[in-house]
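So you can see what is in the structure, the chains are spelled out below.
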Amino acid sequence: DTKVGPQQHKQMMAMKAPTPDSMSLKGEIVSTDVAIAEEGLAIARRDAANRMKVAYYDWLYVAASIEINQQVQSLLEQIIEVAQSKIKTDKATYSSVIMAQVELAKLEDRIITLEAKRDTLRARINTLLGRAPEALLGTPSALMDQKLVPALDALYELVVTQRQELKQQRLRISRMEQMLKLGKTMTYPDASMGQSYLEDRAMVPSGTEEKTFQPIRALPTRNTAFFGYRDAYLKELEGRIASMRRKLDGMELESRQQVKEAWFALDTSWRSIELYQQSLLPQAEQSLAAAEAAYRSGSLAFISFLDAERTLLTFKLELERAWRDFREAQARLDQLAGKPITRNSMARNSIDGDEPEDEN
């Protein structure tokens, strides 16, 4: 009633439809869910590749250890023959043969243990490949080892930006923010426009009858947050987002720490490789050659020859262990970075102080 004349108000029919904002946000949430699943798949593939690398490096180390022990075994068998011939000429005692046979028995037992371990590693590799554990595998091929290009500071940045777990956590935070935005869109009501029809039954001075339309703004009060529980849920989402961001900060710090540990293992193993290749191993080989020649000529006791043989065996095994640790540390850094890190070619047996050329 406008106090101008008798009027009748008729509310027209109205229909509520999803707003474009809500539908768009739901689509973004689904797309983010897909991206999270893709990062999970990338994590599974990356970890499977890393497990295969570690298993292969262990298998390569065990195969090299067997070969080294067999070489020493062959040398001891030759020395036993020399000792037995000396006994016949009273140039050596029988105790020399006993010590050599004891050392030979130890080597045989060590080789048997290594062969059993090789079979176990073969079963692990076959399982990772989806094959029967007892399936045959060929002899492991020698690797052309390569050295990492990035420095430690560059690795920190690479891991923080590329590691799949961190990318996945950022996507989860983005998804929660999208859900919060969607919740606000669906909870706090938007004003809806409706049309009502006014019939003016009074006659105006011109003698005509007017019919007018009048817009009415209305709020759908049944969806409002003014009673608390919807608004409280939105505040809970905000708290979850803050907690997820703090978790992301902790994951980044932990990733940096893991990079530091892997880099320490890489650096330690590399220094060991250089030490054995450039200093200890050549000296041990010269010492054994001199000890063998001296024993054959009768100027050296057999126990001294055994000491030289054990030293060389230990150094060779330690070198192979250092190579294994070096490769596994690189594989660990690849895993942390989420992808293979750039490397420089490096000849294994010719290490010098010059920087190798980058073939990338």
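Here the structure is a predicted model, which means the values were calculated and not measured. (Residues numbered from 1 in each chain as written. Predicted model: local features only at pLDDT ≥ 70, side-chain atom pairs only at ≥ 80, totals over all residues. Heavy atoms only, no water.)

S.K.: Would you explain the packing of helix H3 (residues 152-162) against helix H5 (residues 229-297) in this entry?
M.R.: To describe two helices that pack against each other, one gives the angle between their axes and the distance between the axes. At a minimum axis separation of 10 Å, H3 and H5 run at an interaxial angle of 140°. One element, H3, and the other, H5, form an angle in the oblique class. H3 and H5 meet at a crossing whose hand is right-handed. Taken together, the residues of H5 that come into contact with H3 (itself represented by Leu 152, Leu 155, Tyr 156, Val 159 and Val 160) are Glu 252, Ser 255, Arg 256, Val 259, Lys 260 and Trp 263. For the contact of H3 with H5, a count of residues per class yields seven nonpolar, one polar and three charged. (Axes fitted to C-alpha atoms, helices over the stretch in contact; angles between N-to-C directions. Helix = DSSP H or I, 4+ residues; strand = E, 2+ residues; numbered from the N terminus. Parallel < 35°, antiparallel > 145°, perpendicular 65-115°, else oblique. Left-handed = near helix turned anticlockwise from the far one by under 90°. Contact = heavy atoms within 4.5 Å. Nonpolar A, V, L, I, M, F, W, Y, C, P; charged D, E, K, R; others polar.)

S.K.: Just to check I follow, could you spell out the pattern of salt bridges for this structure?
M.R.: When their charged atoms lie close together, side chains carrying opposite charge are able to pair. Under the counting rule described, the total for this entry stands at 19 salt bridges. One salt bridge in this structure joins Glu 134 and Arg 122, with 3.4 Å as the shortest N-O distance. With Glu 134 in the loop between helix H2 (94-128) and strand S2 (146-148) and Arg 122 in helix H2, this residue pair connects regions lying twelve residues apart in the sequence. The exposure class assigned to Glu 134 is exposed, which follows from its relative accessible area of 59%. (Salt bridge = Lys/Arg side-chain N within 4 Å of Asp/Glu carboxyl O. Buried < 20%, exposed > 50% of the residue type's maximum accessible area, 1.4 Å probe, protein only.)

S.K.: Looking at this structure, I do not really get the nonpolar core. What am I missing?
M.R.: Within soluble globular proteins, side chains that are nonpolar tend to cluster in buried spots. With 45 residues, the main nonpolar core has Val 259, Ile 273, Phe 302, Phe 305 and Leu 333 as its most contacted residues. Contributions of two or more residues to this core are made by helix H1 (20-88), H2, H3, H5 and helix H6 (302-337). Judged by nonpolar contacts, the second largest core, of ten residues, contains Leu 166, Leu 180, Leu 237 and Leu 248. (Core = buried A, V, L, I, M, F, W, Y, C linked by side-chain atoms within 4.5 Å.)

S.K.: Would you mind going over a nonpolar patch on the surface with me for this structure?
M.R.: On the surface, a cluster of nonpolar side chains totalling about 290 Å² of accessible area is made up of Tyr 94, Ile 98 and Val 102. On the secondary structure map, Val 102 appears in helix H2. (Patch = residues over 30% accessible without salt bridge, like charges linked within 9 Å, V, L, I, M, F, W, Y side chains within 5 Å. Areas by Shrake-Rupley, 256 points an atom, 1.4 Å probe, with all protein chains shown as cover.)

S.K.: Where do I start with the packing of aromatic side chains in this structure?
M.R.: Describing an aromatic ring pair means giving the distance of the ring centres and the angle of the ring planes. Scanning the model with the defined rule gives eight aromatic pairs in all. Seen from their ring centres, Trp 270 and Phe 326 are 5.4 Å apart, and the 35° between their planes marks the pair as tilted. Here Trp 270, found in helix H5, pairs with Phe 326, found in helix H6; they are 56 residues apart in sequence, far enough to count as distant. Each member of the pair Trp 270 and Phe 326 is classed as buried. Residues Trp 323 and Phe 326 carry aromatic rings whose centres are separated by 5.9 Å and whose planes lie at 90° to one another, so their mutual orientation is edge-to-face. Of this pair, Trp 323 and Phe 326 are both found in helix H6, three residues apart, which corresponds to roughly one turn of the helix. As far as burial versus exposure is concerned, Trp 323 and Phe 326 are alike and both buried. Here the aromatic residues Trp 270, Trp 323 and Phe 326 are joined through ring pairs into a cluster of three or more. The ring of Tyr 61 carries the charged tip of Arg 324 above its face, separated from the ring centre by 4.6 Å. (Phe/Tyr/Trp six-rings, centres within 6.5 Å; stacked < 30°, edge-to-face > 60°. Lys NZ or Arg CZ within 6 Å of the ring centre and 35° of its normal.)

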